[in-house]
Amino acid sequence: MEMIIHHGMAILLCLVGFHGVFFYGNLAKKTVAWALFQIGLIVFLYSLASSGAPLPSVLAIEVASVTLVVTVLLGLFCVKLYRRHKTLEGAEIARRGSK
Amino acid sequence: MREHLPILILAVPLAGSGLTLLVGFFSYRLSRWITYGALILTFLLVWNSFPKLLSEGPWHYSLGGWAPPWGIELLVTPFSAFLALVLLSLALITFYYLGHFGLIAGLLKSRESLGGSLLLVLVSSLLAQLFVRDGFTLYLFLEMSLVAAVGLHLCVARNIWLDGFYFLLGGSLGPSLLLAGFFFLYASTGTTHLDDILAQLFIAKNFSMAITAGILLTATWGWHFFFPSPIFFTRLLNQTPPFILGFFSSILVRVAAYLFFILLFFVLNVPGMSQPFWLTALEYLLAVFFFIDFIYAAKQKDFLNSVAYLSVAQLGFLFVGFILGNKSALTGVLMELLSQTLVVAGLFIAVGVLSLKPTGAHPISKLAGLGRHDFSAALVLVIFAFSIVGFPPTGGFFGKFYIVQGILEKHDWVLLIAVGATIVFNLVTAARFTWLLFEHRKASSFHASIPFSAKAPLLVLALTVLLLGVFNQEVVHNFIEPALPKAFTNLPVPNVPFLGKQVE
Amino acid sequence: MRIASWFFTPLLGFLLFYTCSQLPPPDSTASHISIRYVQKSETETGIRSPAGAVLADYRGFDLLATGSLFFASALCLFLFFPGSSRLEAWFPTLLGLMGFAAALALGFLSLFHGSNFLDYEALTNCVESPQARLDGALILTGSALLGLGGFLLLAIRWTKAPEGPGER
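Just so it is clear, the structure is predicted and the values come from calculations on it, not from any experiment.

Asker: Sorry, what's going on with unusual backbone geometry here?
Answerer: A negative phi holds for most residues other than glycine; trans holds for most peptide bonds. Going from P68(B) to P69(B), the amide bond is cis rather than trans, its omega being 5 degrees. Following P392(B), the chain continues to P393(B) via a peptide bond in cis, the omega torsion being 5 degrees. Non-glycine residue K86(A) carries a positive phi angle of around 60 degrees. Relative to the helices and strands, K86(A) is located in the loop between α3 (54-85) and α4 (90-98). Its relative accessible area of 58% is what places K86(A) among the exposed residues. A positive phi angle, close to 55 degrees, is found at H411(B), a residue other than glycine. Here H411(B) lies in the loop between α19 (395-410) and α20 (413-438).

Asker: How do you make sense of the interface of chain B and chain A when you look at a structure like this?
Answerer: As a measure of interface size, the accessible area lost when the parts come together is often cited. Chain B puts 27 residues into the contact, and the matching count from chain A is 33 residues. Together chain B and chain A conceal approximately 2700 Å² of surface at their shared face, both sides included; 84% is due to carbon and sulfur atoms. Looking only at chain B, the three residues that lose the most surface to chain A are W161(B), F165(B) and F183(B), adding up to 24% of its buried area. Between chain B and chain A we count zero salt bridges in total. Summed over the shared surface of chain B and chain A, the result is five residue pairs in polar contact (both at pLDDT 80 or more). Here the residues of the side of chain B that touches chain A sort into 20 nonpolar, five polar and two charged.

Asker: Where do I start with the packing of helix α18 (residues 375-389) of chain B against helix α21 (residues 452-470) of chain B in this structure?
Answerer: To describe two helices that pack against each other, one gives the angle between their axes and the distance between the axes. Residues and elements named next belong to chain B. α21 packs onto α18 with a crossing angle of 35 degrees between their chain directions and a minimal axis gap of 10 Å. For the crossing formed where α18 meets α21, the hand is left-handed. Facing S376, A377, V380, I383, F384 and S387 of α18, the residues of α21 in contact are K455, L458, L459, L461, A462, V465 and L466.

Asker: Explain the interface of chain B and chain C to me, please; I cannot follow it from the model alone.
Answerer: Of the residues lining the interface, 59 residues belong to chain B; the matching set on chain C comes to 46 residues. Of the roughly 4900 Å² buried at the junction of chain B and chain C (both faces included), carbon and sulfur atoms supply 74%. Linking chain B with chain C are one salt bridge. One salt bridge in this structure joins R59(C) and D134(B), with 2.7 Å as the shortest N-O distance. Remark: the boundary between chain B and chain C carries eight residue pairs in polar contact (both at pLDDT 80 or more). Here the side of chain B that touches chain C takes eleven residues from helix α6 (residues 135-156) of chain B, the largest share from any one element. Here the residues of the side of chain B that touches chain C are counted per class, giving 35 nonpolar, 19 polar and five charged.

Asker: Sorry if this is basic, but what is going on with the side chain of T94(B) here?
Answerer: Residue and element names in this part refer to chain B. Note on placement: T94 falls in helix α3 (residues 78-100). You can call T94 buried: its relative accessible area is 4%. At 2.7 Å, the side chain of T94 forms a polar contact with the backbone oxygen of L90. If near-sequence neighbours (up to four positions away) are discounted, T94 is found in contact with F243, I244 and F247.

Asker: How should I be thinking about the confidence of the model for chain A in this particular structure?
Answerer: As a general rule, the predicted coordinates of low-pLDDT regions are not to be interpreted in detail. For chain A, the mean per-residue pLDDT works out to 90, and 97% of the residues sit at or above 70. Within chain A, no element has a lower average pLDDT than α4(A), which sits at 83, and none a higher one than helix α2 (residues 27-49) of chain A, at 94.

Asker: Can you walk me through the packing of aromatic side chains in this structure?
Answerer: All told, the structure shown has 58 aromatic pairs over all chains when counted by the stated rule. Centre to centre, the rings of F23(A) and W6(C) are 5.8 Å apart; their planes meet at 75 degrees, and the pair counts as edge-to-face. A residue pair is termed interchain when its members come from two chains, as with F23(A) in helix α1 (residues 2-23) and W6(C) in helix α1 (residues 2-21). Accessibility expressed as a relative area gives 57% for W6(C), which makes it exposed. A ring pair is formed by F50(B) and F479(B), whose centres lie 5.6 Å apart and whose planes are at 80 degrees; its orientation type is edge-to-face. In this pair, F50(B) sits in helix α2 (residues 28-56) while F479(B) sits in helix α22 (residues 472-480), placing the two residues 429 residues apart along the sequence. The pair formed by F50(B) and F479(B) is uniform in burial state, with each residue classed as buried.

Asker: How should the nonpolar core be read in this particular structure?
Answerer: Generally speaking, soluble globular proteins have nonpolar side chains that are buried together. Residues and elements named next belong to chain B. Counting 281 residues, the largest nonpolar core has F167, F225 and F248 as the members making the most contacts within it. Considering each element in turn, this core owes the most residues, 21 residues, to helix α12 (residues 242-267). Ignoring anything within four residues of it in the chain, the contact list for F225 reads V253, A256, A257, F260, F290, V312, L315 and F319.

Asker: Can you walk me through helix α9 (residues 207-219) of chain B in this structure?
Answerer: Since the α-helix advances by 3.6 residues per turn, residues separated by three or four positions end up pointing in the same direction. Helix length check: α9(B) (13 residues) gives 18 Å between terminal C-alpha atoms against 18 Å at 1.5 Å per residue, within 8%. Every buried residue belonging to α9(B) is among S208(B), M209(B), A210(B), I211(B), T212(B), A213(B), G214(B), L216(B) and L217(B), and all of these are buried. Looking at the buried side of α9(B), the elements it contacts are α7 (161-189), α8 (194-204), α12 and α13 (277-299) of chain B together with α1 of chain C.

Asker: How should I be thinking about the packing of α6(B) against α12(B) in this particular structure?
Answerer: Residues and elements named next belong to chain B. The N-to-C vectors of α6 and α12 enclose an angle of 170 degrees; their axes lie 12 Å apart at closest approach. With respect to their mutual orientation, α6 and α12 come out roughly antiparallel. Note on element contacts: α12 touches α6 through I244, F248, L252 and L259, opposite L138, S145, A149, L152, H153 and V156. The residue inventory of the contact of α6 with α12, partitioned by class, reads eight nonpolar, two polar and no charged.

Asker: How do you make sense of the environment of I262(B) when you look at a structure like this?
Answerer: Residue and element names in this part refer to chain B. Topologically, I262 is positioned in helix α12. Residue classification places I262 among the buried positions, given a relative accessible area of 7%. Sequence separation between I262 and A483 is 221 residues; the distance between their C-alpha atoms is 9.4 Å. Among residues more than four places away in sequence, those in contact with I262 are R133, L194 and V267.

Quick notes on the rules
- Residues numbered from 1 in each chain as written.
- Chains lettered and ligands numbered in written order.
- Predicted model: local features only at pLDDT ≥ 70, side-chain atom pairs only at ≥ 80, totals over all residues.
- Heavy atoms only, no water.
- Helix = DSSP H or I, 4+ residues; strand = E, 2+ residues; numbered from the N terminus.
- Buried < 20%, exposed > 50% of the residue type's maximum accessible area, 1.4 Å probe, protein only.
- Contact = heavy atoms within 4.5 Å.
- Buried area = accessible area lost by both parts, 1.4 Å probe.
- Salt bridge = Lys/Arg side-chain N within 4 Å of Asp/Glu carboxyl O.
- Polar contact = N/O pair within 3.5 Å; in protein donor to acceptor, adjacent residues only side chain to side chain.
- Nonpolar A, V, L, I, M, F, W, Y, C, P; charged D, E, K, R; others polar.
- Axes fitted to C-alpha atoms, helices over the stretch in contact; angles between N-to-C directions.
- Left-handed = near helix turned anticlockwise from the far one by under 90°.
- pLDDT = per-residue confidence, 0-100.
- Phe/Tyr/Trp six-rings, centres within 6.5 Å; stacked < 30°, edge-to-face > 60°.
- Core = buried A, V, L, I, M, F, W, Y, C linked by side-chain atoms within 4.5 Å.
- Expected span 1.5 Å × (residues − 1).
- Parallel < 35°, antiparallel > 145°, perpendicular 65-115°, else oblique.

Encoded structure:
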């Protein structure tokens, strides 16, 4: 139980993120949800780093930089799609694209 | 320099990628040759590692001189080197089609250098996945391969922004789950080195952690294993040139299957562990789920969709081998993996070569009478089809032969029925397909003549599938046996199974 | 997909909470690996902070992989630019990318070779130099950061670039 409380925040973030990736139809929301999942993992690492081991904080930095780059890339996809279709609803864009 | 071959194999395509991009600014042609050069040089480097690999066994290489688990280790086994050669050959073939048939592949000249550069990054990241022995590094290269793959998609396809987004998002969720699995393993063992994780799990007898992390690590590959199923990737299939789809379906997916094998049998296979009944049932369902795709493949009227279903369905054989987990089955899995990589790439390339257009419909009915019009092209298709069935002397036959042997050794009648029914079904479908290829029809069905330069790589792939079968003993002895879990390498057959169900 | 999310999320939640309950307390992660990092990193790498030593030296290859990921992402970004703007963004970014890749390679080479590439004699004779690791670690970290910065700058530049002909 103690460990669940210790890592609870990280797990909740992961779950919210995971749910959001599937649940939302809006591409920007999906991107944010994926980033939340990753942030959950980073929080998990920081809670491990409290023991004084250097590896978790190093891994957290690297995960954070990868998350930043991929989130920006996904965000740019969203901007590109919004400029073209004036919407970010995935289903709507797909429908217009197949016409 | 020879002692640094493992890192050079990864560094050369990466360096070539930068050079291709730079030179592409001045000359497209030179940049194309640099891409070829980097791929061929990497091929030769892998080839040069074989004398040491075959005489001394797996090659452990500590990066920066730091011994594992403190540093990062590359482990080149004869099998991973062999798979690397297949990967590089397919990358060469893909780039050949991109370059020489740019119009068919949908690649603009101005994008060729960028395409070459991204292909080299993708190749380097996939090679790293084959060799690296650290969970976190594996994550980084997995993410890198996805980003490069998205780039390649953007390079060759038109109006693919939405699908590119889904490809990157869906693909990245897999590595995130992998990361979650490895972080839990790290929190419980204090290490990210794959072999060390197994040792620490065994010392702590932490079976529940192995099972739960195993489920997360299995979920990682969900996206990879369903690529390019027409159910989930309909738009992508219609918009991406078949050459690129072939490279991704054969290499991206089969490297993922190899990593899945490594994780199951070299990281989570803790001796003494037993898995719950519900998990076993789930594994059986998963295998059957993949086999059902063979029925969908047979029902398709579009050749590309049918090949896409076949690519996914064949993974069922690998899952059966993983469930059984004995020596014969795992030998069959690795043999089947090699054969599937070649066959899937070949079939997608055949779709591209036979229709000679980047996108759109590829009706199977157009193949009627192909054998009378172009015998060699039809023969190649027949070889691929019968390798999927498991007909001698193809590589696919020996893969399935060892898997069935594994089933019989374990007396698993449920799997025997599933595999047997699948093979019979595929035999009937392949016979009907062959009949279609050689049936006597009026010339309305197939007109276009296929240039030899377009067919040559296909012929090479078909020949390799046959050679894999003919020299199966050598392949098993030299490449597959040293890649099996340690319990199997000095035999005779202990029954160490999927997630360590039972250990003798 | 929405239905799938209601099915998969509770499943993942159960899995994550169950796995968490099985974890040992964080203090016990002071494992065989961490002990060496904490106790010997300064003497072995010349870097005072254990985290810095792990990031840039023990696991310098991860940094190289992260840098390569930035490189691949920057390549993808090129494809976002329409034809004319791509040419404008092309050359300066290309030079930046090349410089970044060269620095990344040199930093890694210095770590990997163990001899300082700034000292030609030492490099050609494979002489181990204590300074080499430190230099390599610094260059590798610096170039990875530059790569990240370059990627973000390119991204900002694209958002300001007009949509134009030549787009696909």
